Amino acid sequence: MDCPIYATRLTLGLIRSRMEERAPKYELKAKEIQAGDVIDLGCFKVQPFSICHSIPDGVGYAIHTPLGVVLHTGDFKLDPTPIDGRATDYALLTSLGTKGVLLMLSDSTNVERDGFTPSERMVGKTMEQTFRLYRNKRIIISSFASNLHRVQQVIETAVRFNRKVALIGRSMIANVARARELGYMDVDDDVFIQPSEIEGFPSNRLVVITTGSQGEPFSGLVLMSRGDHRFIKLGPKDLVVISALPIPGNERLVHRTINDLFKQGCEVIYEAEQNIHVSGHASREELKMMLSLIKPTYFVPLHGEYRHLVKHKQLAEEMGVPAKNAFVMEEGDVLSITKRQAKISGKVPAGAYIVDGRTYGDMKGGLLGERKDLAEEGVFCISVVLDSSGNVIAPLSIESRGFLHRVDADELYRQIEDAVEKAVKAFAREKCERKDEDLASRIRSAIKGVLKRYSLSSPVILVLVNEVKEKAILSGLAGREFAK
């Protein structure tokens, strides 16, 4: 989409890094903004405001529309002591709430957690204790590559304990480089060593910061846990700290990685044991505070799983939002707001869009949908040869891949052949103009009927109908006689 992109300086820096890699010839229409600006966009005025999160320069948006203000919190927490000293703009939020907000869309990730989310500074204290307790071990710390405040604290702690730092993972290296370039991180070059220098470096003088806190299959930490990383071999001399919570849905991947790390013989610290991670999202009391500051007419919970959205809607109702004015929405839902009411009114296309080379689309149809069906169910091919009267004049040819082979299910294949022959004979008896696609559909239904009786999977069924003219048959016979 060849349109302008409005973002804060760090976000634009990260976008430019991706664009230089993926589309170097494209001229990005970048518009840098900062908290406190007011951007005129047609009938809208968009006002970014400062909000605390786990990445620097986080903003929410107050969108002034002809009907009223739409407030989008973005990911946020109400951190009283942020690492960069950049506090949430309570004055603006209070002012907007006093004047009246038409619609608020708010982060729901931590709605199930009571109380307040601790400050990011707490992690710094825990890191200090960890470095002091494990002076003789090599320390590997895994975190989100975007959590630059966390990375900054780890590097500062490493410097205080006279350790060098190695960065592992493409996104970690790129994000830190861009943050340093833009002035969001103040670190000297001599603090870092290259990944290729890791194994020859004294264990008690090194900290490795890596990606993989969510168990991503090809991330740095996962490769280390399997013993497949080309620069690091883990063992008893290592301490691994996973400084992140599993995102809902990633629990199995994360737990498998932790188990594999223990198999390598290293010591592992993860959130369940010690305070080596704090969330970047508001807990229940902070969500209440945001609702009480804004007092919106309409409310839509965002982010998190469906249960989080429902619980945040319930929380909004406890804080005075009428039940009919709070909406739990799914991908593609359209919320229409008029002067009289708000309601969900239809859907637009939304969801995963898969790209594979030059093939693209969703998983419900098209080439990629077919690939998914073939991969999961297999394929069953049957070829039928008929004369012009519709009689079968050659043995049925059946092939299958990813499904039962004939040697394993001879009786099933015999029943399929019988069912197909019956379908062909019944079709031939009908006094109507025969179309091959109609017959193919009949044969496909007959095969599905046999498979259904066995409660087997439903492979992709391909039917080939070949009609041979009498002249072709005679010609073929003459050819074979001549060959003899």
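Remember, it's a predicted structure, so these values are computed and weren't measured experimentally. (Residues numbered from 1 in each chain as written. Predicted model: local features only at pLDDT ≥ 70, side-chain atom pairs only at ≥ 80, totals over all residues. Heavy atoms only, no water.)

Help me understand the nonpolar core in this model?
It is characteristic of soluble globular proteins that their nonpolar side chains tend to be buried jointly. Within the largest apolar cluster, 32 residues are counted, with the highest numbers of intra-cluster contacts made by Ile141, Ile155, Val165, Met185, Phe192, Val207 and Ile209. Among the secondary structure elements, those contributing two or more residues to this core are helix 3 (121-133), strand 8 (138-142), helix 4 (148-160), strand 9 (164-168), helix 5 (170-181), strand 10 (206-210) and strand 11 (238-242). The next biggest cluster of nonpolar side chains, apart from the first, holds 26 residues, and it includes Phe403, Tyr413, Ala440 and Val463. (Core = buried A, V, L, I, M, F, W, Y, C linked by side-chain atoms within 4.5 Å. Buried < 20%, exposed > 50% of the residue type's maximum accessible area, 1.4 Å probe, protein only. Helix = DSSP H or I, 4+ residues; strand = E, 2+ residues; numbered from the N terminus.)

Help me out: how do you make sense of the sheet that holds strand 8 in this one?
Two strands in a sheet stick together by hydrogen bonds in their backbones, pointing the same way (parallel) or opposite ways (antiparallel). The strand order 9-10-8-11-12 describes an open sheet built from 5 strands, whose pairing is parallel. Every other strand in the sheet has two partners, leaving strand 9 and strand 12 (267-270) as the edge strands with one partner each. Between one strand axis and the next, the sheet turns by 20° as a mean value, whatever way the strands run. Helix 4 rests against strand 8, strand 9 and strand 10 of the sheet, and its axis sits at about 170° to strand 10. Of the strands in this sheet, strand 11 and strand 12 touch helix 7 (residues 251-263), which is tilted by about 155° from strand 12. (Pairing = 2+ DSSP bridges. Axes fitted to C-alpha atoms, helices over the stretch in contact; angles between N-to-C directions. Contact = heavy atoms within 4.5 Å.)

Before we go on, may I ask you to explain a negative patch on the surface in this structure?
A surface patch of negative charge is lined by Glu156, Asp186, Asp188 and Asp190. Within the element layout of this structure, Asp190 appears in the loop between helix 5 and strand 10. (Patch = residues over 30% accessible without salt bridge, like charges linked within 9 Å, V, L, I, M, F, W, Y side chains within 5 Å. Areas by Shrake-Rupley, 256 points an atom, 1.4 Å probe, with all protein chains shown as cover. Salt bridge = Lys/Arg side-chain N within 4 Å of Asp/Glu carboxyl O. Lys, Arg positive; Asp, Glu negative; His and termini not counted. Charge placed at Lys NZ, Arg CZ, Asp CG, Glu CD.)

How should I be thinking about the packing of aromatic side chains in this particular structure?
Aromatic ring pairs are described here by two measures, namely the spacing of the ring centres and the angle between the planes. Tallying each qualifying case throughout the model produces 4 aromatic pairs. Taken together, a centroid distance of 5.7 Å and an interplanar angle of 50° make the contact between Phe131 and Phe161 tilted. A residue pair is termed long-range when its members are at least 10 positions apart, and Phe131 in helix 3 and Phe161 in the loop between helix 4 and strand 9 qualify at 30 residues. Under the relative-accessibility criterion, Phe161 is labelled buried at 15%. Both rings, one in Phe380 and one in Tyr413, keep their centres 5.7 Å apart while their planes meet at 40°; by these two values the pair is tilted. (Phe/Tyr/Trp six-rings, centres within 6.5 Å; stacked < 30°, edge-to-face > 60°.)

I'm lost on the sheet that holds strand 7 (residues 103-107) in this one. Help?
Read from one edge to the other, the open sheet built from 6 strands follows the order 3-4-5-6-7-13, with strand pairing classed as mixed. If you trace the sheet from one side to the other, it starts and ends with strand 3 (39-41) and strand 13 (298-302), each paired once. When the angles between neighbouring strand axes are averaged without regard to direction, this sheet yields 20°. Examined bridge by bridge, strand 4 (residues 44-50) and strand 5 (residues 59-65) share 6 bridges and lie antiparallel to one another. Each bridged residue has a counterpart across the sheet, and for Ser50 the counterpart in strand 5 is Val59. Against the sheet, helix 8 (residues 284-294) touches strand 6 (68-72), strand 7 and strand 13, its axis set at about 165° to strand 7.

Any chance you could explain a nonpolar patch on the surface here in plain terms?
The grouping of Tyr6, Leu41 and Phe44 at the surface amounts to a nonpolar patch, some 240 Å² of accessible area in total. Structurally, the position occupied by Leu41 is in strand 3. We classify Leu41 as partly exposed; its relative accessible area is 34%.

Help me understand unusual backbone geometry in this model?
Note on backbone geometry: most residues besides glycine have negative phi, and most peptide bonds are trans. Located in the positive-phi region is Asn162, a residue other than glycine, with phi close to 60°. By secondary structure assignment, the location of Asn162 is in the loop between helix 4 and strand 9. Asn162 gets classed as exposed once you look at its relative accessible area, which sits at 51%.

For this particular structure, what's the right way to read the environment of Lys125?
By secondary structure assignment, the location of Lys125 is in helix 3. Lys125 sits in the exposed class, given a relative accessible area of 60%. Lys125 sits 119 residues away from Tyr6 along the chain, and the two C-alpha atoms are 36 Å apart.

For this particular structure, what's the right way to read the packing of helix 3 against helix 4?
To characterise two packed helices, one gives the angle between the axes of the helices and the distance between these axes. Direction vectors running N to C along helix 3 and helix 4 enclose 35°, while the axes themselves pass 10 Å from each other. Relative to helix 4, the crossing made by helix 3 is right-handed. Across from Arg121, Val123, Gly124, Met127, Glu128 and Phe131 in helix 3, the residues of helix 4 making contact are Arg150, Gln153, Val154, Thr157, Ala158 and Arg160. (Left-handed = near helix turned anticlockwise from the far one by under 90°.)

Everything listed is a geometric property; what it means functionally is a separate question.
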